[in-house]
Amino acid sequence: MFINHLAIKNFRNYVEADIHFVEGLNLLIGNNGSGKTNLLEAIHYISYGKPIRIAKEADLVRFSANDFFLETGFNRQDLDHQIRIYYSPDQKRYQYDGVELSKKSALIGQLVVVPFSPEDADVIRGGAAQRRRAMDIILCSSNQQYLKNLKWYNKTLKQRNALLQDFHQGYHQEKELKQWDKILVDYGDYLMECRRKFTQDIKQEILQIVGELNFPYKHLDLIYDPSVQPSLFSKTLESNFEKDISYGWTTSGPHRDDLKFILNHKPVAKFASRGQQRLISLLFRLAEVELYFKQVYEYPVIIIDEAFIELDNQSVDLIVDKLLSYPQIILASADPEVINHRKVNRKFKIGQGSVEKIKI
Ligand SMILES: Nc1ncnc2c1ncn2[C@@H]1O[C@H](COP(=O)(O)OP(=O)(O)O)[C@@H](O)[C@H]1O
Ligand SMILES: [Mg+2]
């Protein structure tokens, strides 16, 4: 998969930009605050319908503008496609190959990008919610059924929690609550089964890459840690009934799952160095790329934003070489020498919301 073209209007610090990418390595060079991350965020938003950093959609509109527009042309499985997004506070429009879509989530899985960014280490250093988000993003981009189940699970959970709140206030609707339980279990069981399988698959990919690049992480383990035993979800909801009522929310289920990173039998978050944590988070990303390839026989577009901080030179070299084996990489950095001596296919200078193609 590769992106040919990106047009942006009033997005973050860009008034207007029109960029033509090529296959291979595209380098974006610019000082701090020039708009490199913003540009990658535009690509990320087209791909996932979400900014890279946690932000509201309204924050994506350029200060003092009212709306933004994004358009991209890309190639998937040898066919050209186009996505257009228009956003204003009272109108959102999504188009795929000229056809209007009723919801943003229909875009997920069309243009697939895998981002490597400074925030990647949050998957290890952050809370369980970040790990669930990481799993969900990957699963949703390759499995429409998962995306649907997740949406319905979250809706059902909201309903159940609202009823629990009512219960708390004296409106007893036990029968209705039990009906929601059954639906919650159906969606929840599916999510847990997918996450269990995902953990197994991604762990295998990580170990494969560890072997290939000869990293000293042979005793790296990844463990899916569900909040309830999948086969006992229904029973657990029943036995937690009183507790859920007194808390006013659902205390068990996949919305409380976690994923554990273990190195040499110790949790990576607690005992590994920051450099090791970052490297393991990059391995997780690389594994995501390989896993995607195994599912659809095509590599996603790689976007990289200053992802190599905290790493030693040798690790950076190994990771960069691996990344350069993929069909398209869009890499942003303040350091023009970031990928020292390797072949750059196209180079852009980013400066306060402007993009200029420069000679290599
Ligand atoms: N909605 C917005 N409108 C205009 N400028 C914005 C908006 N959001 C962020 N910015 C500006 O974008 C700049 C940061 O751009 P960024 O892409 O993060 O820089 P970098 O090149 O360092 O990655 C900041 O100067 C910030 O003020
Ligand atoms: Mg940046």
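Residues numbered from 1 in each chain as written. Chains lettered and ligands numbered in written order. Predicted model: local features only at pLDDT ≥ 70, side-chain atom pairs only at ≥ 80, totals over all residues. Heavy atoms only, no water.

A. Layout of the pattern of salt bridges. Evaluated as defined, the whole model comprises 24 salt bridges. In this structure, the salt-bridge partner of Asp120 is Arg285, at a minimum N-O distance of 3.1 Å. Of the two residues, Asp120 sits in the loop between strand S8 (113-116) and helix H2 (122-125) while Arg285 sits in helix H9 (residues 274-296), which places them 165 residues apart along the sequence. Arg131 is the salt-bridge partner of Asp258, the closest N and O atoms lying 2.5 Å from each other. (Salt bridge = Lys/Arg side-chain N within 4 Å of Asp/Glu carboxyl O. Helix = DSSP H or I, 4+ residues; strand = E, 2+ residues; numbered from the N terminus.)

B. Local environment of the domain arrangement of the protein chain. Annotation of the protein chain at the domain level lists domain 1 (1-112 + 300-360) and domain 2 (121-299). Here the C-alpha centroids of domain 1 and domain 2 sit 28 Å apart. Each partner contributes to the interface: domain 1 provides 27 residues, whereas domain 2 provides 24 residues. Regarding the contact of domain 1 and domain 2, the summed buried area is about 2,400 Å², with carbon and sulfur atoms giving 61% of it. Linking domain 1 to domain 2 there are five salt bridges. With a closest N to O distance of 3.0 Å, Arg274 and Glu310 form a salt bridge. Our count for the contact surface shared by domain 1 and domain 2 stands at 12 residue pairs in polar contact (both at pLDDT 80 or more). With five residues, the single largest contributor to the side of domain 1 that touches domain 2 is helix H10 (residues 313-323). Here the side of domain 1 that touches domain 2 is composed, by residue class, of 17 nonpolar, five polar and five charged. (Domains from an automatic or database assignment. Contact = heavy atoms within 4.5 Å. Buried area = accessible area lost by both parts, 1.4 Å probe. Polar contact = N/O pair within 3.5 Å; in protein donor to acceptor, adjacent residues only side chain to side chain. Nonpolar A, V, L, I, M, F, W, Y, C, P; charged D, E, K, R; others polar.)

C. Layout of unusual backbone geometry. The backbone of Asn264 sits at a positive phi, close to 50°, despite the residue not being glycine. With respect to the secondary-structure elements, Asn264 resides in the loop between strand S10 (258-263) and strand S11 (266-267). On the accessibility criterion, Asn264 (41% relative accessible area) is partly exposed. Residues other than glycine seldom take positive phi values, yet Glu306 does so here, at roughly 45°. Locating Glu306 in the fold gives a position in the loop between strand S12 (301-305) and H10. (Buried < 20%, exposed > 50% of the residue type's maximum accessible area, 1.4 Å probe, protein only.)

D. Structural context of the sheet that holds strand S6 (residues 91-96). Spatially, the six strands line up as an open sheet ordered S2-S1-S4-S5-S6-S7, and their pairing is antiparallel. Edge strands, defined here as strands with exactly one partner in the open sheet, are strand S2 (14-20) and strand S7 (99-101). Adjacent strand axes in the sheet meet at a mean angle of 15° when their direction is disregarded. Bridge count for strand S5 (residues 79-88) against S6 is six bridges, and the pairing is antiparallel. Looking at the pairing, Tyr86 lines up with Arg93 of S6. Here helix H1 (residues 36-48) sits on the sheet and contacts strand S1 (2-11), S2, strand S4 (68-76) and S5; the angle it forms with S1, its principal contact strand, is near 110°. (Pairing = 2+ DSSP bridges. Axes fitted to C-alpha atoms, helices over the stretch in contact; angles between N-to-C directions.)

E. Spotlight on a positive patch on the surface. On the surface, a cluster of positive charge is contributed by Lys103, Lys148, Lys151 and Lys155. Using a relative accessible area of 48% as the deciding quantity, one classes Lys148 as partly exposed. (Patch = residues over 30% accessible without salt bridge, like charges linked within 9 Å, V, L, I, M, F, W, Y side chains within 5 Å. Areas by Shrake-Rupley, 256 points an atom, 1.4 Å probe, with all protein chains shown as cover. Lys, Arg positive; Asp, Glu negative; His and termini not counted. Charge placed at Lys NZ, Arg CZ, Asp CG, Glu CD.)

F. Quick peek at the site of ligand 1. Taken together, 15 residues lie around ligand 1, and Gly33, Lys36, Thr37, Asn38 and Val61 are the ones closest in. Arg12 places a main-chain nitrogen or oxygen 3.1 Å from a nitrogen atom of ligand 1. In this structure, Thr37 approaches ligand 1 through a side-chain N or O atom, which is 2.7 Å from an oxygen atom. Here ligand 1, which alone exposes 580 Å², has 75% of that area covered by the protein. In terms of residue class, the shell around ligand 1 is built from two nonpolar, eight polar and five charged. (Near = heavy atom within 4 Å.)

G. Structural view of the packing of helix H3 (residues 128-142) against helix H5 (residues 174-213). Relative to each other, H3 and H5 sit at 90°, their axes nearing to 11 Å. What the angle tells us is that H3 and H5 run roughly perpendicular. Facing H3, whose interface residues are Arg132, Met135, Asp136, Ile138 and Leu139, H5 presents Cys194, Arg195, Phe198 and Thr199. Here the contact of H3 with H5 is built from residues that sort into five nonpolar, one polar and three charged. (Parallel < 35°, antiparallel > 145°, perpendicular 65-115°, else oblique.)

H. Representation of the sheet that holds strand S9 (residues 220-225). Spatially, three strands are ordered S9-S10-S11 in an open sheet, and the strand pairing comes out antiparallel. Among the strands making up the open sheet, the edge pair consists of S9 and S11. In this sheet, S10 lies alongside S9 in antiparallel orientation, the contact comprising six bridges. Following the sheet pairing, Asp221 is matched in S10 by Ile262. Here H3 sits on the sheet and contacts S9 and S10; the angle it forms with S10, its principal contact strand, is near 100°. Running over the sheet, H9 touches S9 and S10 and is turned about 120° from S10.

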